Amino acid sequence: MSPIEVILIVLVVLAVAAAVPAIWVASRRRALRHRFGPEYDRLVAEEQSRSAAERELRERERRHADLTLTPLSADSRRRYAADWEEIQARFVDSPAEAVGAADELVTRLIAERGYPIGEYDDQLAHLSVEHARTLGHYRDAHEIHLRNERGEASTEQLRQAVVHYRELFADLLGEDPVRQPSDESGAESRPDTTHDVPSR
């Protein structure tokens, strides 16, 4: 084998050795982006570097793996769905009270599923692993809830809060919390994802 062939082989081996870690990093990055969706982009924008954001997301996955999450029974799902319908009905006469009730109900559901409910930021971090797609709704709802407690939220903002709470609530519940009417054949119609609480 000539010296030139040896050099070429060494260069190829070095190129492959350099590419393997890069491919591995890119694969892990894709997996995190897929799992965390908009939460990945939000954290990358907040952190000092992409690496720091990805370390935080991997740490969230590790902490999440230590949780014992509990699926809801059919009875629990029916009870929560009924409670949600009551909140939406209450909104017509008392929007501020309905938002407070929605926050309490979502918190209760989070706890029953097995997520910690102590610090709000820790709660978000734990939820982000499996519910990242609806976490932005929860953040928006919680912010309006805090404004509501200070007496600073408009009726339209309160309506938006209930809509936002419903997104995470349905995600945690595993189904749309508002029962759909049946068609004439007796089959349940498809959920109307545009259903909203009434405007005043």
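Residues numbered from 1 in each chain as written. Predicted model: local features only at pLDDT ≥ 70, side-chain atom pairs only at ≥ 80, totals over all residues. Heavy atoms only, no water.

Participant: Is there a simple way to think about the nonpolar core in this case?
Facilitator: Most often, soluble globular proteins keep nonpolar side chains buried together rather than apart. One finds Trp84, Ile110, Leu127, Tyr138, Tyr165 and Phe169 to be the most contacted residues of the largest nonpolar core, which totals 31 residues. Broken down by secondary-structure element, the contributors of at least two residues to this core are helix H4 (74-91), helix H5 (95-113), helix H6 (120-149) and helix H7 (155-173). Discounting chain neighbours no more than four positions away, the residues touching Tyr138 are Val106, Thr107, Ile110, Tyr120, Gln123, Leu124, Leu127, Tyr165 and Leu168. If you look at the next biggest cluster of nonpolar residues, it comprises 8 residues, including Leu32, Leu43, Ala53 and Leu57. (Core = buried A, V, L, I, M, F, W, Y, C linked by side-chain atoms within 4.5 Å. Buried < 20%, exposed > 50% of the residue type's maximum accessible area, 1.4 Å probe, protein only. Helix = DSSP H or I, 4+ residues; strand = E, 2+ residues; numbered from the N terminus. Contact = heavy atoms within 4.5 Å.)

Participant: Just checking my understanding: could you explain the pattern of salt bridges for this structure?
Facilitator: Opposite charge on two side chains makes pairing possible when the charged atoms of those side chains draw close. Applying the stated rule across the entire model yields 17 salt bridges. With a closest N to O distance of 2.9 Å, Glu39 and Arg42 form a salt bridge. Taken together, the positions of Glu39 and Arg42, both in helix H2 (residues 38-46) and 3 residues apart, correspond to about one turn of that helix. The buried category is assigned to Glu39, whose relative accessible area is 2%. Assessed through its relative accessible area of 23%, Arg42 is described here as partly exposed. A salt bridge links Glu59 to Arg63, with the nearest nitrogen and oxygen atoms 3.7 Å apart. Of this pair, Glu59 and Arg63 both sit in helix H3 (residues 50-65), 4 residues apart, which is roughly one turn of the helix. (Salt bridge = Lys/Arg side-chain N within 4 Å of Asp/Glu carboxyl O.)

Participant: Sorry if this is basic, but what is going on with the confidence of the model for the protein here?
Facilitator: Regions with low pLDDT carry predicted coordinates that are not meant to be interpreted in detail. Across the protein, the average pLDDT comes to 84, with 82% of residues at 70 or higher. Between residues 180-195, whose pLDDT stays under 50, and residues either more than four places distant or in other chains, the model counts 16 contacts. (pLDDT = per-residue confidence, 0-100.)

Participant: What am I meant to see in H4 here?
Facilitator: Given 3.6 residues to a turn, an α-helix orients residues that are three or four positions apart in the same direction. Over its 18 residues, H4 extends 26 Å from the first C-alpha to the last, a length consistent with the 26 Å expected when each residue adds 1.5 Å. Among all positions of H4, only Ser76, Tyr80, Ala81, Trp84, Ile87, Gln88 and Phe91 are buried. Buried residues in H4, looked at end-on, bunch into an arc of 130 degrees, giving them a common side. In H4, the exposed residues that point more than 90 degrees away from the buried face are Arg78 and Ala89. Structurally, H4 contributes buried residues whose contacts are with H5 and H7. (Expected span 1.5 Å × (residues − 1). Arc of directions from axis to C-beta.)

Participant: Which parts of the structure should I look at to understand the packing of aromatic side chains?
Facilitator: Remark: the centre distance and the inter-plane angle together describe each pair of aromatic rings, the angle taken between the planes. Counted according to the given criterion, the structure contains 4 aromatic pairs. Judged by centre distance (6.2 Å) and plane angle (70 degrees), the rings of Tyr80 and Phe169 are edge-to-face. In this pair, Tyr80 sits in helix H4 while Phe169 sits in helix H7, placing the two residues 89 residues apart along the sequence. Here Tyr120 and Tyr138 contribute two aromatic rings whose centre-to-centre distance is 6.0 Å and whose plane-to-plane angle is 55 degrees, an arrangement assigned as tilted. Judged by its relative accessible area of 24%, Tyr120 is partly exposed. Feature note: the residues Tyr80, Trp84 and Phe169 constitute an aromatic cluster, connected by ring pairs. (Phe/Tyr/Trp six-rings, centres within 6.5 Å; stacked < 30°, edge-to-face > 60°.)

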